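# Coordinates in review
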Amino acid sequence: MLWERSPKKEVYAVRNFGSKVWVTFLGSLAILSLLISPVNGADKVVINLADSPPYTKGSPMCEFAVKFKELSAQYSDGVIEVQIYWGGQLGDEQKVFKDAQLGIIQAVIANIANLAPFSPVLYSLNLPYIFDTRDQAYKLFRGELGRFFTDETVKTAGLRVLAWPDQSFRALHNTKRRILKPDDMKGLKLRVPNNPVFISMYKSWGVDPIPMGWSEVFSSLQTGVLHGGDNVLRNLIDFKMYDLEKYATVSQHMLEIVPLVVGEKFFQSQPVKIREALTKAANDAWAWQFSAMGEDELQIKKKLRDLGMVVDEPDLTPWRKAREIWPQFYDKSGGKERFDRVISIIKK
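Residues numbered from 1 in each chain as written. Predicted model: local features only at pLDDT ≥ 70, side-chain atom pairs only at ≥ 80, totals over all residues. Heavy atoms only, no water.

## Overview of the overall build of the protein
Counting its regular elements, the protein contains 12 helices and 13 strands. For the protein, the share of sequence-separated contacts (at least 6 apart) that also reach a separation of at least 24 residues comes to 74%. (Helix = DSSP H or I, 4+ residues; strand = E, 2+ residues; numbered from the N terminus. Contact = heavy atoms within 4.5 Å.)

Okay, here's the thing in structure tokens:
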């Protein structure tokens, strides 16, 4: 069952001190300004964090946000107060990134695919087989690659990435048969997000995929309109896809990155000690999440098998043919020069 936390404080409440409350337009703006201000009184920095994806309670990505909240308070001696708004309470993912740019909210955790429109070089991270393993990606994001992308998002979007956690790699799943190589997908009706990278990737495997919103997938599997698609393995459990689908393939074609982002104007407006506390809290929460996600993935595979699914981990050599689509997205990724810079860092 999906879990959402309500904020402990009513952020936009106005108390009635008499029989009527008259709030002028200017008065409303003043109240709103105080409530979204990072400084509450003289000693509190309040951070409204939009955690958009619908995580389940206890999952590593859910607990990442909680740890960031706890560590931010700890490292600032209680000065920083992170208020988490779960599951799209503050709007869809592109809206909350825009709100962070404008300073309406201070922080966001959301899928990198929805951050990329604000900083196009990030589209390169959504291409197939950019990374071989989670360990490789983690080390790169902790080093030069992370600094490169952070500098780019600050410069082009006015947003600063404090951490690059992931939900592991996407995997194939279907109702019909085991898939060990791309040719095994022929004849299957497979769903993809309405995203040109996914469509081109599947076509490189010899499949014409069906673009479809996630909300339609379960009913389409029930009626046979779809035979399957791809997602992170945890979602097969969280959304009980195992009731319909009996086959999963750990194809590792795309790492699902879900960064923690703050507005750069907000970040630079804070004292050095607050910036340091936020940076350290994000890094330490991310280190915990990376380890927890690895353990979680092993447990998820076991649980899916216990629930009756066949979970295959095939040789990835024929799947990496999908890398041939990279040149199609040079322009979308900020140009070939920037893309080549990303690849050169990864190959070091």
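Now, onward.
## Observations regarding the pairing of strand β12 (residues 260-263)
Of the two faces of β12, the one holding Leu260 and Val262 and the one holding Val261 and Gly263 are both buried throughout. As paired elements, strand β4 (residues 107-109) and β12 share 3 bridges and run antiparallel to each other. Note on β12: the bridge partner recorded for Val108 is Val261. As defined by bridge partners, strand β5 (residues 159-163) adjoins β12 across 4 bridges and the pair is classed as antiparallel. (Buried < 20%, exposed > 50% of the residue type's maximum accessible area, 1.4 Å probe, protein only. Pairing = 2+ DSSP bridges.)

## What about the nonpolar core?
If you look at the biggest cluster of nonpolar residues, it comprises 91 residues, and the most contacted ones within it are Phe131, Phe141, Phe149 and Trp164. The element best represented in this core is helix α11 (residues 272-306), accounting for 8 residues. Once you skip the residues sitting within four places of it in the chain, Phe149 turns out to touch Val121, Leu122, Ser124, Leu125, Phe141, Trp164 and Val342. Counting 16 residues, the second largest nonpolar core, distinct from the first, contains Ala171, Leu233, Ile237 and Val250. (Core = buried A, V, L, I, M, F, W, Y, C linked by side-chain atoms within 4.5 Å.)

## Structural notes on helix α5 (residues 134-142)
Taken together, the buried positions of α5 are Arg134, Ala137, Tyr138, Leu140 and Phe141. One face of α5 carries all of its buried residues, which in axial projection span an arc of 165°. Summarising the contacts, the buried residues of α5 are in contact with α6 (144-157), β6 (166-174), β11 (255-257), α11 and α12 (336-347). (Arc of directions from axis to C-beta.)

## Structural notes on the packing of aromatic side chains
Under the counting rule described, the total for this entry stands at 13 aromatic pairs. Taking 5.7 Å as the distance between ring centres and 65° as the angle between the ring planes, the aromatic pair formed by Trp326 and Phe339 counts as edge-to-face. Placement of Trp326 in the loop between β13 (310-312) and α12 and of Phe339 in helix α12 is noted, with a sequence separation of 13 residues between them. One exposure class covers both Trp326 and Phe339, and it is buried. The rings of Phe131, Phe141, Phe148, Phe149 and Trp164 are connected pair by pair, giving a single aromatic cluster. Its guanidinium or amino end placed over the ring of Trp286, Arg142 lies 4.2 Å from that ring's centre, counting from NZ or CZ. Here Lys280 stacks its cationic end above the ring of Tyr75, 4.9 Å away from the centre of that ring. (Phe/Tyr/Trp six-rings, centres within 6.5 Å; stacked < 30°, edge-to-face > 60°. Lys NZ or Arg CZ within 6 Å of the ring centre and 35° of its normal.)

## Here's the deal with unusual backbone geometry
The backbone phi angle of Tyr129 is positive, close to 60°, even though this residue is not glycine. Following the sequence through the fold, Tyr129 ends up in the loop between α4 (112-115) and α5. On the basis of relative accessible area, Tyr129 is assigned to the buried category, the value being 2%. The backbone of Ser168 sits at a positive phi, close to 75°, despite the residue not being glycine. Mapped onto the elements, Ser168 comes out in strand β6.

## With respect to the pattern of salt bridges
This model, assessed by the stated rule, comprises 22 salt bridges. In this structure, Arg323 engages Asp132 in a salt bridge whose closest nitrogen and oxygen atoms are separated by 3.1 Å. Taken together, the residues span a long stretch of sequence, with Arg323 in the loop between β13 and α12 and Asp132 in the loop between α4 and α5 at a distance of 191 residues. The exposure class of Arg323 is partly exposed, given its relative accessible area of 29%. Classification of Asp132 by relative accessible area gives partly exposed; the value is 33%. The partner of Lys186 in a salt bridge is Asp183, with the nearest N and O atoms 3.8 Å apart. A single network of salt bridges, built from pairs that share partners, joins Asp132, Arg320 and Arg323. (Salt bridge = Lys/Arg side-chain N within 4 Å of Asp/Glu carboxyl O.)

## Quick word on the pairing of strand β2 (residues 44-51)
When you tally the buried positions in β2, you get 7 out of 8 residues, the bulk of the element. One ladder, built from 7 bridges, connects β2 with strand β3 (residues 80-86); its direction is parallel. Paired with Asp51 across the bridge in β3 is Trp86. As defined by bridge partners, β2 adjoins β4 across 3 bridges and the pair is classed as parallel. The residue bridging Ala50 from the neighbouring strand is Val108, located in β4.

The analysis is restricted to geometry; functional conclusions fall outside its scope.
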